[in-house]
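Analysis of the macromolecular model
Residues per chain are reported as follows:
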Amino acid sequence: ARSQPHVPARDVIKNSATLSASLGFARPMVYGKRLAAAKENRVYLQPSVSEVVNAAQSLYEDELLPCGHILLRRIRERIAHAQRAAAGEPPVAIPNVENVPHIYPNYLRSLCDSSPLFDVQ
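Within every chain, residues take consecutive numbers counted from 1 along the sequence as written. Under the rules for a predicted model, residues below a pLDDT of 70 receive no local features and side-chain atom pairs below 80 are neither given nor counted, while totals for whole chains, interfaces and linings still include all residues. Side-chain numbers here rest on the full set of heavy atoms in the structure, without hydrogens or water.

What follows concerns the overall build of the chain. Numbered from the N terminus, helices here are DSSP runs of H or I no shorter than four residues, and strands are runs of E no shorter than two. Looking only at helices and strands, one finds five helices and two strands in the chain. Starting at the N terminus and ending at the C terminus, the chain contains elements arranged as α-α-β-α-α-β-α. In the chain, buried positions account for 19% of the 121 residues. When contacts within the chain are restricted to residue pairs at least 6 apart in sequence, long-range pairs at least 24 apart make up 50% of them. Note on areas: Shrake-Rupley, 1.4 Å probe, and residue coverage restricted to the protein chains presented here. As presented, the chain carries roughly 9600 Å² of accessible surface, and 55% of it is formed by carbon and sulfur atoms. Three exposure classes are used, based on accessible area relative to the maximum for each residue type with a 1.4 Å probe and protein chains only: buried under 20%, partly exposed in between, and exposed over 50%. In this description, contact between two residues means that some pair of their heavy atoms is separated by no more than 4.5 Å.

Here it is, written out as structure tokens:
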């Protein structure tokens, strides 16, 4: 069995700030703080059970299984379609969901877990 080479203590990087500085990152935690702040300020949709059921049915019609991220995306697509129709715009095959708020995945999971209409695996 090979033994691990001895590394002097002065050569061991002790914390993430030192590691980040050694890799050339000026402020290692700024991105994390900004990302956390953006998530705190984000508005999330809370679809109803019927909206989730309709989205799941449309996925089955397209021969897709309604797993988490695909179901989240389909709900947002259906909302984008409804927004376009309300604005009097013509329908498109794949709507732009950038202007539709996100759905918190844990909310969708708890909604599906609590509904007898879904068999969550």
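Let us now look at the nonpolar core. In this text, buried Ala, Val, Leu, Ile, Met, Phe, Trp, Tyr and Cys residues form a nonpolar core when linked through side-chain atoms within 4.5 Å. Listed in full, the 11 residues of the largest apolar core are Val52, Ala55, Ala56, Leu59, Leu71, Leu72, Ile75, Ile103, Leu108, Leu111 and Cys112. Among the secondary structure elements, those contributing two or more residues to this core are helix 3 (49–61), helix 4 (68–86) and helix 5 (105–114). Top contributing element to this core by residue count: helix 3, with four residues.

Angles here are taken between N-to-C directions and fall from 0 to 180 degrees, while the axes themselves are lines fitted to C-alpha atoms, restricted in helices to the stretch in contact. Two elements in contact, helix 3 and helix 4, have axes separated by 9 Å at closest approach and are oriented at 105 degrees. Here helix 3 lies roughly perpendicular to helix 4, going by the angle between them. Residues Val52, Asn54, Ala55, Ala56, Ser58 and Leu59 of helix 3 touch helix 4, and the partners they reach there are Ile70, Leu71, Arg74, Ile75 and Arg78. Just so you know the grouping, Ala, Val, Leu, Ile, Met, Phe, Trp, Tyr, Cys and Pro go in nonpolar, Asp, Glu, Lys and Arg go in charged, and all remaining residues, Gly too, go in polar. Counted by class, the contact of helix 3 with helix 4 contains seven nonpolar, two polar and two charged residues. Each angle is binned into one of four classes, with values under 35 degrees roughly parallel, values over 145 roughly antiparallel, values of 65 to 115 roughly perpendicular, and all other values oblique.

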